[in-house]
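Chain and residue survey
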Amino acid sequence: MFSLVHSVVAPPPKRRSLAGIVRQQQETWAEPAVKRDGVEADELPQRAEKKARVDDENGGGGGERGGGGGGGGGEEAESENVLCGFKTSNVLNDSAREKTMFIRGKLADQEAVVILEKTPIREDTLAELFSGSTLKLEMKNDIYSTYRLHAPPHLNEIKTTVVCPATDKHKQTFSVQWVYNILEKKAEADRIVYEDPDPEVGFVLLPDFKWDQKQVDDLYLIAIVHQRDIKSLRDLTSEHLPLLQNIFQKGKEAILQRYNLPASKLRVYLHYQPSYYHLHVHFTKLGYEAPGCGVERAHLLADVIQNLQSTLATTKPGPCTSP
């Protein structure tokens, strides 16, 4: 399995090439092909291929609309577009609140899942966003006005993850092979922020794909443990306290050193159910409403440690006494 992340300029509404996305995969996918704007899903890749041919004939789309920041911009968006041949089967999930969609389909005759996620608005781009966008008035009532803002392409990106091949029976989201690739330095080694190599209490800390790393306001990192027999929160016992305490302490220290963000500004938690079954801990900036950070799914690591300590204290045998 390989996982690719590309920044793709959001297409105009009437030229969508993909149908949507999902936060959680289901174990069985059997939905019919979807329609978008009156277009059969199977027609969408054909339209994308036609557009790519036209762009190639016009110089690879590097004209007035394709620049977006000088040389190299077209190379990322056009020549590396692995989605031209993607054939949509169905939308697995579509979250308007989190601005994400998961789509099941086929890529080069292999099952694939495409995850689309709108990137956050950054404060350092506001001046360009306001001056370089066009507005279309939708409603005006007294002092209130509502517009459709069409931003410059490079300020209107969609973060895209491609999972291929994707099987019919993934646990929640992806298989854990990609996790093993990270732990073994076969993939994403350059993204690792910190590592404790100890096989019992060690872990790797790296940015989550939800974070574009352009600002710390939406900081999101994942600590992945080296132990492979701990699948989720339910597997934890008091024996794992050294591991959890190590992650809690060293993870916060690494983030302070790398991003100058103190522990008081962090939310550290585990998910249950998790999106993949290999124990991992989430580090996000306090105040950032990351997907799944609500109390119904997120469990603070400090609370987990305290609960395990309490369990240990109540089960620990007392001193022997003579009659």
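Residues numbered from 1 in each chain as written. Predicted model: local features only at pLDDT ≥ 70, side-chain atom pairs only at ≥ 80, totals over all residues. Heavy atoms only, no water.

Per an unreviewed UniProt entry, the recorded name for the protein chain is m7GpppX diphosphatase, and the organism is Larimichthys crocea. As recorded by UniProt, the Subunit (unreviewed entry) comment attached to the protein chain reads in full: "Homodimer. Associates with components of the exosome multienzyme ribonuclease complex, such as EXOSC3 and EXOSC4. Interacts with NDOR1." Among the UniProt annotations of the protein chain, the heading Catalytic activity (unreviewed entry) holds the following wording: "a 5'-end (N(7)-methyl 5'-triphosphoguanosine)-ribonucleoside in mRNA + H2O = N(7)-methyl-GMP + a 5'-end diphospho-ribonucleoside in mRNA + 2 H(+)". (UniProt positions renumbered as here; feature names shortened; annotations may be inferred.)

A few points about the sheet that holds strand 10 (residues 194-196)
On the basis of which strands lie adjacent, the open sheet formed by 6 strands has the order 10-11-12-14-13-15 and antiparallel pairing. The sheet is open, and its two edges are formed by strand 10 and strand 15 (298-300), each paired on a single side. Adjacent strand axes in the sheet meet at a mean angle of 30° when their direction is disregarded. Sheet topology places strand 13 (residues 266-271) next to strand 15; 3 bridges connect them, and they run antiparallel. Bridging across to strand 15, Tyr-269 finds its partner in Leu-300. (Pairing = 2+ DSSP bridges. Helix = DSSP H or I, 4+ residues; strand = E, 2+ residues; numbered from the N terminus. Axes fitted to C-alpha atoms, helices over the stretch in contact; angles between N-to-C directions.)

Things to note about the pattern of salt bridges
Following the criterion strictly, the structure yields 10 salt bridges and no others. The closest approach of N and O atoms between Arg-148 and Glu-138, which form a salt bridge, is 2.8 Å. Taken as a pair, Arg-148 in strand 8 (residues 144-150) and Glu-138 in strand 7 (residues 134-141) lie far apart in primary sequence, 10 residues in all. Take Glu-138: its relative accessible area is 46%, and that puts it in the partly exposed class. Between Glu-184 and Lys-186 there is a salt bridge, with its nearest N and O atoms 3.1 Å apart. We classify Glu-184 as partly exposed; its relative accessible area is 35%. Residues joined by salt bridges that share partners form a network here, namely Glu-184, Lys-186 and Arg-228. (Salt bridge = Lys/Arg side-chain N within 4 Å of Asp/Glu carboxyl O. Buried < 20%, exposed > 50% of the residue type's maximum accessible area, 1.4 Å probe, protein only.)

Looking at unusual backbone geometry
With an omega of 0°, the peptide bond running from Cys-164 to Pro-165 counts as cis. Although it is not a glycine, Glu-188 adopts a positive phi angle of roughly 60°. With respect to the secondary-structure elements, Glu-188 resides in the loop between helix 4 (177-183) and strand 10.

A short note on the environment of Thr-100
For Thr-100, the location among the structural elements is in strand 5 (residues 100-107). Put simply, Thr-100 and Glu-117 are 17 residues apart on the chain and 4.4 Å apart in space, counted from C-alpha to C-alpha.

Some points on the packing of aromatic side chains
Following the criterion strictly, the structure yields 2 aromatic pairs and no others. On the numbers, 5.7 Å between centres and 45° between planes, the contact of Tyr-194 with Phe-203 is tilted. Measuring from ring centre to ring centre gives 5.3 Å for Trp-211 and Tyr-259, while their planes differ by 65°; the resulting arrangement is edge-to-face. Here the residue Trp-211 occupies a position in the loop between strand 11 (203-207) and strand 12 (220-225), and Tyr-259 occupies one in helix 5 (residues 241-259), the gap between them amounting to 48 residues. Just as Trp-211 is buried, Tyr-259 falls in that class too. Looking at Arg-228, its charged tip hangs above the ring of Tyr-180, at a distance of 4.2 Å from the centre. Above the face of the Phe-248 ring, Lys-252 is positioned so that its terminal group lies 3.8 Å from the ring centre. (Phe/Tyr/Trp six-rings, centres within 6.5 Å; stacked < 30°, edge-to-face > 60°. Lys NZ or Arg CZ within 6 Å of the ring centre and 35° of its normal.)

Looking at the environment of Ala-298
Structurally, Ala-298 is set in strand 15. The sequence separation of Ala-298 and Gln-273 amounts to 25 residues, and the corresponding C-alpha distance is 8.9 Å. Filtering out sequence-adjacent residues up to four positions away, Ala-298 remains in contact with Tyr-269, Leu-270, His-271, Gly-292 and Cys-293. (Contact = heavy atoms within 4.5 Å.)

Concerning a negative patch on the surface
On the surface, Asp-198, Glu-200, Asp-229 and Asp-235 cluster together into a negatively charged patch. In this structure, Glu-200 sits in the loop between strand 10 and strand 11. (Patch = residues over 30% accessible without salt bridge, like charges linked within 9 Å, V, L, I, M, F, W, Y side chains within 5 Å. Areas by Shrake-Rupley, 256 points an atom, 1.4 Å probe, with all protein chains shown as cover. Lys, Arg positive; Asp, Glu negative; His and termini not counted. Charge placed at Lys NZ, Arg CZ, Asp CG, Glu CD.)

Considering the nonpolar core
By size, the foremost hydrophobic cluster in this structure holds 45 residues, and its most contacted members are Leu-205, Leu-221, Ile-224, Leu-236, Ile-255 and Phe-283. No other element matches helix 5, which puts 7 residues into this core. The contacts of Ile-255, once residues within four sequence positions are left out, are Leu-205, Leu-219, Leu-221, Asn-260, Leu-261, Leu-266 and Phe-283. Counting 10 residues, the second largest nonpolar core, distinct from the first, contains Phe-86, Ile-103, Leu-107 and Ile-158. (Core = buried A, V, L, I, M, F, W, Y, C linked by side-chain atoms within 4.5 Å.)

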